[in-house]
Structures are given as C-alpha cells and as structure tokens.
Amino acid sequence: MANTILIGAQWGDEGKGKIIDVLTEKADIVVRTQGGNNAGHTVYLGKKKYVLHLIPSGILRRGKVCVIGNGVVIDPVSLVEEIDGLLKLGVRVKNLYISESAHLVFPYHRELDSQREILKGKNKIGTTKRGIGPAYGDKAARTGLRMIDLINAERFAGVLRLKIKENNEILKAFGAKPLNYATVHKAYREAGDRLKQYVTNTVVLLHHATRRGDNVLFEGAQGTFLDIDHGTYPFVTSSNTTSGGACTGSGVAPNRMDRVVGVMKAYTTRVGEGPLPSENPEIADMLHAMGREFGATTGRPRRCGWFDAVATHHACMVNGIDDLAVTNLDGLDTIETIKVCVGYRAGLQRLDYVPADIELLAKCEPIYVEFPGWQQPTDKCRSWKQLPVNARKYLKAIAKLTGAELYIVSVGPAREQTIFV
Ligand code: GDP
Ligand code: IMO
Ligand code: MG
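On a predicted model such as this, the values are computed, not experimentally measured, just so you know. (Residues numbered from 1 in each chain as written. Chains lettered and ligands numbered in written order. Predicted model: local features only at pLDDT ≥ 70, side-chain atom pairs only at ≥ 80, totals over all residues. Heavy atoms only, no water.)

Enquirer: What should I look at first to understand the overall build of the chain in this one?
Expert: Counting its regular elements, the chain contains 13 helices and 20 strands. Taken across its 421 residues, the chain has 58% of its residues classed as buried. For the chain, the share of sequence-separated contacts (at least 6 apart) that also reach a separation of at least 24 residues comes to 76%. Carbon together with sulfur atoms contributes 51% to the accessible area of the chain, which is approximately 17,900 Å² in total. For the chain, the distance from the average position of its 55 positive side-chain charges to the average position of its 44 negative side-chain charges is 4 Å. (Helix = DSSP H or I, 4+ residues; strand = E, 2+ residues; numbered from the N terminus. Buried < 20%, exposed > 50% of the residue type's maximum accessible area, 1.4 Å probe, protein only. Contact = heavy atoms within 4.5 Å. Areas by Shrake-Rupley, 256 points an atom, 1.4 Å probe, with all protein chains shown as cover. Lys, Arg positive; Asp, Glu negative; His and termini not counted. Charge placed at Lys NZ, Arg CZ, Asp CG, Glu CD.)

Enquirer: Mind showing me how you'd approach the domain arrangement of the chain here?
Expert: Interfaces are often described in size by the accessible area the parts lose on coming together. Looking at the assigned domains, one finds that the chain contains domain 1 (4-94 + 201-420) and domain 2 (103-198). Listed as interface residues are 30 residues of domain 1 and, on the opposing side, 24 residues of domain 2. Carbon and sulfur atoms make up 61% of the area that domain 1 and domain 2 hide from each other, which totals about 2,100 Å². Between domain 1 and domain 2 we count 2 salt bridges in total. One can count 9 residue pairs in polar contact (both at pLDDT 80 or more) joining domain 1 with domain 2. Broken down by secondary-structure element, the contributors of at least two residues to the side of domain 1 that touches domain 2 are β6 (73-74) and α2 (76-88). (Domains from an automatic or database assignment. Buried area = accessible area lost by both parts, 1.4 Å probe. Salt bridge = Lys/Arg side-chain N within 4 Å of Asp/Glu carboxyl O. Polar contact = N/O pair within 3.5 Å; in protein donor to acceptor, adjacent residues only side chain to side chain.)

Enquirer: Looking at this model, I keep getting lost on the coordination of the magnesium ion (ligand 3). Mind explaining?
Expert: Each donor-metal-donor angle in an ideal tetrahedron of four donors is 109.5 degrees, and each such angle in an ideal octahedron of six donors is either 90 or 180 degrees. Around the magnesium ion (ligand 3), the protein contributes the donor atoms Asp-13 (OD) and Gly-40 (O), which lie 2.0 to 2.2 Å from the metal centre. With Asp-13 in the loop between β1 (4-8) and α1 (16-23) and Gly-40 in the loop between β2 (29-32) and β3 (41-45), this pair connects stretches of sequence that are 27 residues apart. You can call Gly-40 buried: its relative accessible area is 11%. (Donors = N, O, S within 2.8 Å, 3.2 Å for Na, K, Ca; no water.)

Enquirer: Mind showing me how you'd approach the pairing of strand β4 (residues 48-52) here?
Expert: In terms of strand pairing, β3 meets β4 through 5 bridges, oriented antiparallel. Residue pairing across strands places Leu-45 opposite Lys-48, the latter belonging to β4. Linking two consecutive strands that pair antiparallel, namely β3 and β4, is a turn of 2 residues; a positive phi of about 60° is found at Gly-46 within it. (Pairing = 2+ DSSP bridges.)

Enquirer: Would you take a moment to explain the site of ligand 2 for this structure?
Expert: Around ligand 2 sit 20 residues in total, of which Lys-16, His-41, Thr-128, Gln-222 and Thr-237 are the nearest. At 2.8 Å, a backbone N or O of Asp-13 approaches an oxygen atom of ligand 2. Alone, ligand 2 offers 550 Å² of accessible surface; in the complex the protein occludes 98% of this. Here the shell around ligand 2 is built from residues that sort into 7 nonpolar, 10 polar and 3 charged. (Near = heavy atom within 4 Å. Nonpolar A, V, L, I, M, F, W, Y, C, P; charged D, E, K, R; others polar.)

Enquirer: Please clarify how the packing of aromatic side chains should be interpreted in this entry.
Expert: By convention here, two paired aromatic rings are described through the distance between centres and the angle between planes. Tallied over the full model, the rule gives 7 aromatic pairs. With a centroid separation of 6.2 Å and an interplanar angle of 20°, the aromatic rings of Phe-106 and Phe-156 are classed as stacked. One end of the pair, Phe-106, is in the loop between β8 (103-104) and α3 (107-120); the other, Phe-156, is in helix α6 (residues 153-173), with 50 residues separating them in the sequence. Centroid distance Phe-371 to Tyr-394: 5.7 Å. Interplanar angle 80°. Geometry classified as edge-to-face. Here Phe-371 is found in strand β18 (residues 365-372), whereas its partner Tyr-394 is found in helix α13 (residues 389-402), with 23 residues between them in sequence. The exposure classification of Phe-371 matches that of Tyr-394, with both residues buried. (Phe/Tyr/Trp six-rings, centres within 6.5 Å; stacked < 30°, edge-to-face > 60°.)

Enquirer: What is the right way to look at the site of ligand 1 in this model?
Expert: Taken together, the neighbourhood of ligand 1 is formed by 20 residues, with Lys-16, Thr-42, Asn-328, Asp-330 and Ser-410 sitting nearest. Here Gly-17 contributes a backbone N or O atom positioned 2.8 Å from an oxygen atom of ligand 1. Residue Gly-40 places a main-chain N or O atom 2.9 Å away from an oxygen atom belonging to ligand 1. Elements with a minimum of two residues in the shell around ligand 1: α1 and β3.

Enquirer: Looking at this model, I keep getting lost on the nonpolar core. Mind explaining?
Expert: In globular proteins that are soluble, nonpolar side chains generally tend to be buried together. Counting residues in each nonpolar core, the largest one holds 66 residues, and the members touching the most others are Ile-321, Leu-329, Tyr-344, Leu-387, Tyr-394, Leu-395 and Val-409. The next biggest cluster of nonpolar side chains, apart from the first, holds 40 residues, and it includes Ile-59, Cys-66, Leu-96 and Ala-176. (Core = buried A, V, L, I, M, F, W, Y, C linked by side-chain atoms within 4.5 Å.)

Enquirer: I keep staring at unusual backbone geometry and nothing clicks. Help me out?
Expert: Note: most residues except glycine have negative phi, and most peptide bonds are trans. Of note, the amide linkage connecting Tyr-233 to Pro-234 takes the cis form, showing an omega dihedral of 5°. As for its position among the elements, Pro-234 is in the loop between β10 (216-219) and α9 (244-248). A positive phi is found at Lys-129, a non-glycine position, where the angle reads about 60°. Looking at the secondary structure, you find Lys-129 in the loop between α3 and α4 (132-141). Positive phi is not limited to glycine here, since Asn-328 has a value of about 55°.

Structure, rendered in structure tokens:
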C-alpha cells in the first residue's frame, strides 16, 4: 500500500472516514495532518456508528498507530471528550500520538468565530463555529499556543493569562462576554494533564516509520474546494486540505509519498455558504427525505447537486489524484435520468476549470450531459460485475471526465459495501 494521501475531491463529507477505515486494514499508521474538530468522519462497524472529529479514523482497528500531526489545530477539551466517548463505546485509545507542535484552539477562538460570522451577516461563511479560522489566524500571526505549551504547566499558566487578557479586549469590542481566566485555565490544565501521555515529536516518529517501510495513510479532512488556497475563497476553511497539506502537516517530505487517493461522492454536497454550480434542490429533497446528507459535526442539512466533473477534474489537477474512490453510488439508485456537469458557462465564456474569482464562479451556469439511471438498488452489490450496466457506464464516464483511475466504489456506509474495481 506504501504511503498514501487520501483527500476529499469536492466540498468535504465525501465519505473519507469510511474509505480510510477500509484502507486502514493494510496500513500501519494513520495520520491527520490538517483541520480540527470542524471535521466529522463517520464510520459504521456493524450497527455501531462512530463520528471522529480529531482522532484518525484508524483508531477503530486494533493495533494501528494513529498520529495527530503538527498541521492540525486541537481543542484539547474536545479531544478529551472524544477520547472518553470512544472509551465508552469500547474502543481502545492506544497507540495515539499527538504532535507537540500542533496549535491549540481556545474558547476565545470559538467566540471570535461566532462574532465574525454575526458581523458578516448575509455574507457569512457558515463555519462550524469550532474556532478553526481564528486558531489558524493566530498560528499565522505567530501569536498561537501549541501542545508543547499546554503540557508545560508553569509555562502555560503564564502565557494563557496574557492571551486571555488580550483576547478579552477584542471580545469586548465585539460586545461579547469576556472570558474568566481561572475557568479556562482549569479546563485546559485538566485536559493538558490527560493528553500529556500522547504528546511527542511526531515528525521523528514518522521519519523512523517511513524508513522502516511502514505503510502510512494520510487522512485528509474537509475537501479540495474548502482549501484556503485552492478553494472557493472566502467560503473555505483555514487549512490546506489538498494533498500538499499532508506533507507540511506531518513533516513527511513529498518524495516519500507514493500515491494520492481522491474520495468523491457520486453526486455533490456542500455544507455552509458559497457557490455550488450544480446545486439542485430536488436531489437535496430526495436525499434528505431518505434521512441522508445531514452534517456529521453540526447536523445541518447539506446542500446537494449533480456530480460536477469540472470541479473533480480541477481537484485532480491540484492534488495529483492517482486513484478515485466514488462513494454513495446508492444515493442515485432511484433516479431515472442522471445529469453530470461537464462545463461552466458564464455569459459568452465557457470554463473547464473552477475560477478563482468568486463572483465569476457565482455566475457560472452548469453545462450538463445526461446518463440513463439504473433504477435498482446497488447496496447489495459486492463486485463490479454485480453492479447494473448503467451504473458501471456512469462510473466509468465520471472517472474519465475526472481524469484518474477508478479504484473503489462504495454502495453503502458499511465496510462490506465496498467494491474494489
Ligand atoms: P467524511 O467527512 O468525508 O468522512 O464524510 P461524512 O462521514 O461526514 O459523511 C459521509 C456520509 O456518507 C456518512 O454518513 C457515511 O456513513 C456515509 N457513507 C459513506 N459512503 C457511503 C455509501 O457508499 N453509501 C451510503 N449510503 N452512505 C455512505
Ligand atoms: P469533513 O472533514 C464539510 C465547512 C463549513 C464552512 C467552511 C468553514 O467532515 O469533510 P470552518 O468551521 O472550517 O471555519 O468552516 O468549511 N467545513 C466542512 N464542510 N465537511 C467538513 O469536514 C468541513 N469542515 C469545515 O461548513 O462552510
Ligand atoms: Mg464529514
């Protein structure tokens, strides 16, 4: 399996958690490299549902090493809650390593996230309100605190006092309630003491692992069009969600990476604001009526649309995707005629890439081609040959339009509902 980067090729929630869980069987180590608890990765084992926010989805397979890399932003209190939640569900949280360089998310980040959204009014981003943007902002401004600061009790007490003082002034300017130092300190001290056992230099750990020839799986969070550089800015998250982020967020060099797997749904979804050219409320209604497409982190209904091959082709370009994992094929089972967006039209202009200018993207009208549906259930299919002919034709067509090899087809949330092509 070698060193594999797995990323979302759309707007997040592509089913990365499920595919990571499947691929972890052959991996030794699973590493999260960016994002924070804005992520929600769902894995079903039998009837049990697990939603992972900060801990790599590899934790559900015994004996696998899980790493939270330097590029992740960590809310320590929420991470402890996640660990306790897993323990309650009978999952052993062993072999977890957390980078000492990972930046911390504080309550003032969460509050600022909310306040900025209120200030933006109808132009809001629709963030998860987990404080992710302000935490990465502090990192870039060189005013952040890191895991290494948290586990050093004396150092932490001093720097936190200053941070609370400074941020309380900002919160007051927003008209928000200032934070109480003692309350924040107590919660973070407790979390820091719990997490200390896991904190280490993960760059060195991963260096030794790759030299040994271990198979490392890099678990992307969010998706290509939420990338801070390559996404639909400003309606993006604050980290590099594309494949390059796996290198900077882990300290494993690009020439140690062997391949990139792009996960995408057989249709398109997005949660939060921002343009979505192939959006289609009818598909959204259909999927929501089936109880599908509600956010794993915030519970918000996801916006839905037809498969956008312009976007996934663009994702192939910026991520260097070798192999495709197409999930949620079964979501299209009942549709008579399926549309695929193969180009954007903006006035007289035709575009075959996702424009960086958000105003231009908002004006883009999708150009569709149609495919006959298969109108029969696929969730019990276990091999390529068992898939209906029209489903196979559809999958081949979207892979060709995207420009990478079809590798996996997923027809349900369970491990066994996975077809290796
Ligand atoms: P992630 O953030 O990319 O890990 O994706 P989420 O977990 O947020 O959302 C994907 C949803 O689709 C979850 O509820 C998964 O259990 C579910 N899922 C993944 N693959 C399939 C599939 O092939 N079919 C169905 N029906 N559900 C799937
Ligand atoms: P996973 O890993 C889908 C979206 C938010 C919002 C924007 C910015 O489960 O695919 P943020 O809180 O990051 O500042 O919000 O990004 N967003 C996601 N959408 N899946 C995610 O993660 C997301 N994480 C953030 O909805 O539009
Ligand atoms: Mg998700």
